Amino acid sequence: FYKASCLSSFRMQELLKWNGWGYNDSKFIFNKKGQAEFTGKRYRLGGMVLPTFKEWIEKTFGASLEHKTTSRASLNVNDVPPSIVNEEFLQDLRATKISYSQDAEDRVFRAHGHCLHEIFVLREGMFKRIPDIVVWPVCHEDVVKIVELACKHNLCIIPFGGGTSVSSALECPEEEKRTIVSLDTSQMNRILWIDEKNLTACVEAGIVGQDLEKQLAESGFCTGHEPDSMEFSSLGGWVATRASGMKKNIYGNIEDLVIHIKMVTPRGIVEKNCQVPRMSTGPDIHHFIMGSEGTLGVVTEVTIKIRPVPEYQKYGSVVFPNFERGVACLREVAKQRCAPASIRLVDNAQFQFGHALKPQVASIFTSFLDGLKKFYITKFKGFDPNILCVATLLFEGDREKVLQHEKQVYDIATKFGGLAAGEDNGQRGYMLTFVIAYIRDLGLDYYVIGESFETSVPWDRVLDLCRNVKERIVRECKEKGVQFAPLSTCRVTQTYDAGACVYFYFAFNYRGISDPIHVYEQIERAAREEILANGGSLSHHHGVGKLRKRWMKESISDVGLGMLRSVKEYVDPNNIFGNKNLL
Amino acid sequence: MALSSCSLSHSFFICSQQKELTSKKRDEFEDILEERRLSSDLRYAMKCYTPVIYKGLSPCKPNAIKSAVLQSEQVQYVIKQLAKEMGESPDIIQEEAMEILDEMGHSMQLGAVRFFAFTLSKIFKQLFQRVCVNEEGMQRLQHAIQEHPVVLLPSHRSYVDFLMLSYLLYTYDLALPVIAAGIDFLGMKIVGELLRRAGAFFMRRSFGGNRLYWAVFSEYVKTMLRSGYAPIEFFLEGTRSRTAKTLTPKFGLLSIVMEPFLKREVFDTYLVPISISYERILEESLYAYELLGVPKPKESTSGLLKARRILSDNFGTIHIYVGQPVSLRTLASGRINRCPYNLVPRHLPQKPSEDIQEFVSDVAYKMELLQIENMVLSPWVLVAAILLQNLPAMDFELLIEKTLWLKGLTQTFGGFIEWPDNLCARKAVLSGLTLHANIARLVDGHVVLNDKGLEDGAVGEIVFKRALAILMCATYRNQLLNVFVRPSLVAVALQMTRSFRKEEVYSCFSFLRDVFSDEFIFFPGISLKDFEEGCFLLTKCDAIQTSQQEIYPTDKGSVIVSFLSAMFKPFVEGYQLIFRYLSKETKEAFTEKQLIPGVRNFVFQLLEKGNTQCYEALSSDMQKNALAALVQLGAVKKKKIVETLLWDPATKFLNSLAGCFCLPLPFGFQSFSQGFDKQREQSCLFLIEGLLCVLE
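In this text the structure is predicted, and so the values were computed from the model without any measurement.

Chemist: Tell me about the overall build of chain A, and please be specific about residues and values.
Modeler: Assigned secondary structure in chain A consists of 18 helices and 21 strands. Compactness check: chain A gives a C-alpha radius of gyration of 24 Å against a globular reference of 25 Å for 583 residues, within 12% of the reference. With respect to the three principal axes, the spread of C-alpha positions in chain A is 75 × 55 × 45 Å. The burial tally for chain A puts 59% of its 583 residues in the buried class. Taking the intrachain contacts of chain A between residues at least 6 apart in sequence as the baseline, contacts between residues at least 24 apart amount to 76%. When the accessible surface of chain A is split by element, carbon and sulfur atoms take 53% of a total near 24200 Å². Across chain A, 72 positive and 71 negative side-chain charges occur, with their mean positions spaced 3 Å apart.

Following this line, the structure appears as structure tokens:
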């Protein structure tokens, strides 16, 4: 057995923020000089001063350091709804020796994901309904016992992995009268075995991404599955939401990676009889499980594909004169099927955003070089700094093949007017995805609220969708009385044969609005309507949860919804897994 | 019964909204000719012209658009399809597409625009006293052009329409539109090419079956729209209305310009209704001849030159009201819920779904109703309406009195009359008579129609002359009709049913509305709302009182009610004649070409014998509308046999109810409720009796 690490303590909230994203020690602050700084040592950006960030915030949002909101400092235990658990169940539970807690902090921590409204509630209010009890099974058998008990006592179970949901999937249904059990999988975090001959590993579903990769790396392997939340999100969560990883071009999305899933349901255990690359035995039951969002049971063990850790990694970036050319280039790369491990295209607003996060440069030489680069691109090549956009690249594999691959991609980029813009820009682009969630917490302190959302869309509609959704956001803000122009920006984050995944960031300064969350939700909803009208999907990888349920029928048709419902009815007739997601 | 009190009260709510609508303040007008009379036309034509343009536009030449169209996936797809089907080489079809484009495409040049700016200044100053424009509308348009692609939808009464509109946009330094024009203009040698250079593009009159033409044409329009190249202008009515009544809309071009938004290729599209009202229509007598079957002269340059003599004539004032730009996105929100274009690549030619077709039709009607709302009515329009009810001669003083009375009524109904506060009624009527001396004149204190060209001519000659004068006069009365149609049909229904029960009056109203659906503009499917609006307006002018169940004309209201029904009497009577002809005189299927002269002769004979006074039944416009209504009601069927359309009357119905209006009644009723029960049958018979009574 391999040992689990830091995040697997029973009380992970001690390491993590209770009312925001990520680690307690990592956050954006304004230092005494009024300059932005990122604290902590966990990230490359840690301890660095970001000289232009403040100006960017002021310019982009009309926000000012003088107008500050403050979150309450800590959880007020008196506000927390009481834990109601019947004594018979507690007796049965104690008999199983499974750890549990009815502590308010433990329960509140597992009552939410990271949607804006959830964080806002943590900062300024309290959830109406939270779990009554948290249980920590340590293995598959524990889960079987808990589900049996829940059936016996008619309780509601909500599985909890890393808690990084952004679809309201973890919120407890307010009207749930039964005892709600939060089933925290964090103690099921072992790699059970590694099969080097078949390149698979069997892993308990509670392991979080970074631990999984760290531990596999000790044996020279990796899964290559790197969703942006991989520091905190769990394997079981990936399966339950149909997750997608940044490097899916090499390793595939979760549905490509999974070889076998074991899931405990009220009906019993569902699994297959073998661990094979493919089988033709009717519809694949894995596809009932992947994306089931905790409505059918608890994923306990997953056999997942592994690969040797790549010999060489290289970042890169390309500047395009405009977004249209950039998208055309990505389309061509996808067509030639030569996409690097990751290729992303950010629009101009996001390019400037990334630029604002540039740390203070150490030497005059670097700043001179930066100036020269800027001069070359804007003056010599005639790119308009307010129109140009940037693609970031990540190559992985044998050194020789990487270099060859790199050349191929840069050659294509050249055909679309692209200019290579260095490794550093590329790397900073990827860093941005890990720190962006921290930036939201900073924004919240200064009346700026925001969120990201995503979709997938056929290639021919990418440009129209990006333009229309961004425009819709701007218009809706104006109509809803938002007094400052919003940040409305997008990037193409994944390429496929038939289309792309597009990610939007949307944030605005809510000073002068009495009910910012409501306004925010209305605008987000309008943006989603716009996506659907433009031929985009309801979700590429965030899932549906409760946030996007209203569009499910439209998305998969009445019959399709009925098919899913009938599975739910068979597997969980008493709705033990009653988080009300999806259906 | 289809009428529930619940839906009545609901629609009353809509009605009270209507009230605000009609009493809203309208923009002020400015005369653009005033400045032209004061400063040099040449300098004006050579002025620095730098119009505001669409924010997303990257400027390009007309030829670049053509090649973009030719290379587009849409056109290439159809070319390949046709090549495959016909076993031809794609190059040949591509060649054909290129020819179509060359025939169709505009080649806007500033030089031509300046030429027009100069000559039109000269001509307009000759022809018109004033050209009045609402400047606020121009400002709104200016904003709209920068924001989203814009489609200009003017009313169409004259060839002057599109010349005037371009002239106007040039004057206000706005982007000049590209204009969909009929291919017939290309028949005019130099003029056709000149128009092309001024931004006209040419469409064939019918190309439904020609897939290549359709593909090239629609892609050409859409390419210009998507890129925001220029505002696109076309006439919803499809052709000049010869009667000054708004024609029912054509949907083809509208559905083309709506498509880029529906496919989300653009964020939004602005539709701008524009109402152009003429105090005196340039083509008035041509139209009257045409309606009586004397064919319209083919567009030719020499014809145009011959028309020069009209330059010495006075055509009064033109009012151009540029309406509020209507956002297509706003119209569609909540309407088009499912995404009909998501499951098929957007470049494939796709028949629009029923939802979309219905939406296009609703938008078309809405835009026409907006045009109607902002049409400016001159005092002469009122005079014409009164005169037609008082033929052959009317006391001048009485006419003045009546005109003033009708002015009040029109304003109550929301009509937009151009009548300066300080203008006395006498002067208004007199100036109308002066301007329209060709139609009516003052003789010994009486106003008479100008129909006496040949005092001692043959009977036929007299009838024809009289018909000409009446049709011309009707052209002006007609401008009132769309303001009056809802209350008037309620008035007609009241007289026909001779009942006060709301349900019965509504049944009759609804039937009339169906019968006249091609004659007047009704928003589809809101019969009840129209009825409520009609009742509301009649209540507003104290003509009727309504309770939950009943409608009573007031004592004072009988004047109004009978005036209103008399106003629409020519239509009721005309339709009756046409139906009678159809049921008596035709046994077999007929073509439109056979029908029109047939009805005309039939009515002509009746007029000659003095058996009817309904001269308007001679109008080919009314005959066509009646036929269309019968087709819609199911009393006549349309058949297509080898390229010719045949109409097949359902002789069984025609015979069994020979000679009366009631012929298509059962069908009329079906349109607002399913089944056909005893009760309704009775009310039908009741209606028929009432109708005959009114008519005899």
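Chemist: Break down the packing of aromatic side chains for me, citing the residues and quoting the values.
Modeler: Counted according to the given criterion, the structure contains 46 aromatic pairs over all chains. On the numbers, 4.6 Å between centres and 50° between planes, the contact of Phe28(A) with Phe38(A) is tilted. One end of the pair, Phe28(A), is in strand 1 (residues 28-30); the other, Phe38(A), is in strand 2 (residues 36-38), with ten residues separating them in the sequence. Like Phe28(A), the residue Phe38(A) is buried in the burial classification. With a centroid separation of 5.9 Å and an interplanar angle of 75°, the aromatic rings of Phe115(B) and Phe116(B) are classed as edge-to-face. Residue classification places Phe116(B) among the buried positions, given a relative accessible area of 12%. A network of ring pairs unites the aromatic residues Phe28(A), Phe38(A), Tyr43(A), Phe53(A), Trp56(A), Phe61(A), Phe353(A) and Tyr438(A) as a single cluster. A cation sits over an aromatic face here: Arg42(A) above Tyr23(A), 3.8 Å from the ring centre. Its end group placed over the ring of Tyr503(A), Arg491(A) keeps NZ or CZ at 4.9 Å from the ring centre.

Chemist: Describe the sheet that holds strand 2 of chain A, with residues and values.
Modeler: All names here are of chain A. Pairing is antiparallel in the open sheet, where three strands are placed in the order 1-2-3. Only two strands of the sheet have a single neighbouring strand rather than two, namely strand 1 and strand 3 (49-50). Judged from the two bridges that link them, strand 2 and strand 3 form a sheet pairing that is antiparallel. Each bridged residue has a counterpart across the sheet, and for Glu37 the counterpart in strand 3 is Val49. Relative to the sheet, helix 15 (residues 423-445) contacts strand 1 and strand 2, its axis offset from that of strand 1 by approximately 45°.

Chemist: Lay out the UniProt feature "site: Important for enzyme activity" (unreviewed entry) in chain A with the relevant residues and their values.
Modeler: All names here are of chain A. This chain's UniProt record puts "site: Important for enzyme activity" (unreviewed entry) on Arg344. Position of Arg344 relative to the elements: it lies in strand 16 (residues 342-346). With sequence-adjacent residues up to four places away left out, Arg344 is seen in contact with Asp228, Met246, Val390, Ala391, Thr392, Tyr430, Thr433, Arg491, Val492 and Thr493. Here the side chain of Arg344 touches Asp228 through a polar contact of 3.3 Å, side chain to side chain.

Chemist: Describe helix 15 of chain A, naming the residues involved and giving the relevant values.
Modeler: Residue and element names in this part refer to chain A. Taking 1.5 Å as the rise per residue, helix 15 with 23 residues should run 33 Å; its terminal C-alpha atoms sit 33 Å apart, in good agreement. At Val435, helix 15 shows its largest kink, close to 45°. Positive phi shows up at Tyr447, right after helix 15, with a value of about 65°.

Chemist: Tell me about the nonpolar core, and name the residues and values.
Modeler: Within the largest apolar cluster, 215 residues are counted, with the highest numbers of intra-cluster contacts made by Phe128(B), Phe217(B), Phe234(B), Ile320(B), Phe484(B) and Phe568(B). If one sorts the elements of this core by residue count, helix 20 (residues 459-497) of chain B sits on top with 22 residues. Not counting chain neighbours up to four residues away, the residues in contact with Phe128(B) comprise Leu33(B), Arg37(B), Val160(B), Met164(B), Phe315(B), Gly316(B) and Ile318(B). In terms of nonpolar packing, the next biggest core, distinct from the first, is built from 61 residues, Leu122(A), Phe453(A), Val457(A) and Ala500(A) among them.

Chemist: Describe the UniProt feature "binding site: substrate" (unreviewed entry) in chain A, listing the residues and the values that go with them.
Modeler: Residues and elements named next belong to chain A. As annotated by UniProt and renumbered to match this structure, "binding site: substrate" (unreviewed entry) occupies Arg440. Topologically, Arg440 is positioned in helix 15. Since its relative accessible area comes to 15%, Arg440 is described here as buried. Among residues more than four places away in sequence, those in contact with Arg440 are His114, Cys115, Leu116, Ile119, Gly450 and Glu451. Separated by 2.7 Å, the side chain of Arg440 and the backbone oxygen of His114 make a polar contact.

Chemist: So what's going on with the pattern of salt bridges? Which residues, and what values?
Modeler: Once the charged atoms of two side chains with opposite charge are near each other, the side chains can pair. Counted by the stated rule, this structure contains 68 salt bridges over all chains. For Arg337(A), the salt bridge goes to Asp497(A), with nearest N and O atoms at 2.5 Å. Placement of Arg337(A) in the loop between helix 11 (323-335) and strand 16 and of Asp497(A) in the loop between strand 20 (487-495) and strand 21 (499-509) is noted, with a sequence separation of 160 residues between them. A relative accessible area of 64% places Arg337(A) in the exposed class. For Asp497(A), a relative accessible area of 44% translates into the label partly exposed. Between Arg501(B) and Glu504(B) there is a salt bridge, with its nearest N and O atoms 3.3 Å apart. The class for Arg501(B) is partly exposed, based on a relative accessible area of 37%. The network of salt bridges with common partners includes Arg472(A), Glu476(A), Lys480(A), Glu530(A), Arg264(B) and Arg329(B).

Chemist: Talk me through the side chain of Thr303(A); I want residue IDs and the actual numbers.
Modeler: Within the secondary structure, Thr303(A) is located in strand 13 (residues 298-305). Not counting chain neighbours up to four residues away, the residues in contact with Thr303(A) comprise Trp193(A), Thr200(A), Ala201(A), Cys202(A), Leu257(A), Val258(A), Ile259(A), His260(A) and Gln275(A).

Chemist: Break down the sheet that holds strand 16 of chain A for me, citing the residues and quoting the values.
Modeler: Pairing between the strands of a sheet is mediated by backbone hydrogen bonds and can be parallel or antiparallel. Residues and elements named next belong to chain A. What the seven strands build is an open sheet, ordered 18-15-17-16-20-21-19; its pairing is antiparallel. The open sheet terminates on both sides in strands that have one partner only, identified here as strand 18 (419-420) and strand 19 (448-458). Where strand 19 lies against strand 21, eleven bridges are found, and the strand directions are antiparallel. When the bridges of strand 21 are listed, Val457 appears paired with Ala500. Where helix 12 (residues 348-356) meets the sheet, it contacts strand 16, strand 17 (389-397), strand 20 and strand 21, and its direction lies at approximately 95° from that of strand 20. The strands touched by helix 15 within the sheet are strand 15 (312-320), strand 16, strand 17, strand 19, strand 20 and strand 21, with strand 15 carrying the most contacts at an inclination of about 80°.

Chemist: I'd like a description of the pairing of strand 15 of chain A, backed by residues and values.
Modeler: All names here are of chain A. Strand 15 sits mainly inside the fold: eight of its nine residues count as buried. Pairing of strand 15 with strand 17, which is carried by nine bridges, proceeds in the antiparallel orientation. Looking across to strand 17, one finds that Tyr315 is bridged to Leu394. Inspection of the sheet shows strand 15 paired to strand 18 by two bridges, in the antiparallel sense. Following the sheet pairing, Val318 is matched in strand 18 by Ala420.

Cut-offs applied
- Residues numbered from 1 in each chain as written.
- Chains lettered and ligands numbered in written order.
- Predicted model: local features only at pLDDT ≥ 70, side-chain atom pairs only at ≥ 80, totals over all residues.
- Heavy atoms only, no water.
- Helix = DSSP H or I, 4+ residues; strand = E, 2+ residues; numbered from the N terminus.
- Rg over C-alpha atoms; globule rule 2.2 N^0.38 Å.
- Buried < 20%, exposed > 50% of the residue type's maximum accessible area, 1.4 Å probe, protein only.
- Contact = heavy atoms within 4.5 Å.
- Areas by Shrake-Rupley, 256 points an atom, 1.4 Å probe, with all protein chains shown as cover.
- Lys, Arg positive; Asp, Glu negative; His and termini not counted.
- Charge placed at Lys NZ, Arg CZ, Asp CG, Glu CD.
- Phe/Tyr/Trp six-rings, centres within 6.5 Å; stacked < 30°, edge-to-face > 60°.
- Lys NZ or Arg CZ within 6 Å of the ring centre and 35° of its normal.
- Pairing = 2+ DSSP bridges.
- Axes fitted to C-alpha atoms, helices over the stretch in contact; angles between N-to-C directions.
- UniProt positions renumbered as here; feature names shortened; annotations may be inferred.
- Polar contact = N/O pair within 3.5 Å; in protein donor to acceptor, adjacent residues only side chain to side chain.
- Expected span 1.5 Å × (residues − 1).
- Bend = angle between axes of the 7 residues up to and from the residue.
- Core = buried A, V, L, I, M, F, W, Y, C linked by side-chain atoms within 4.5 Å.
- Salt bridge = Lys/Arg side-chain N within 4 Å of Asp/Glu carboxyl O.

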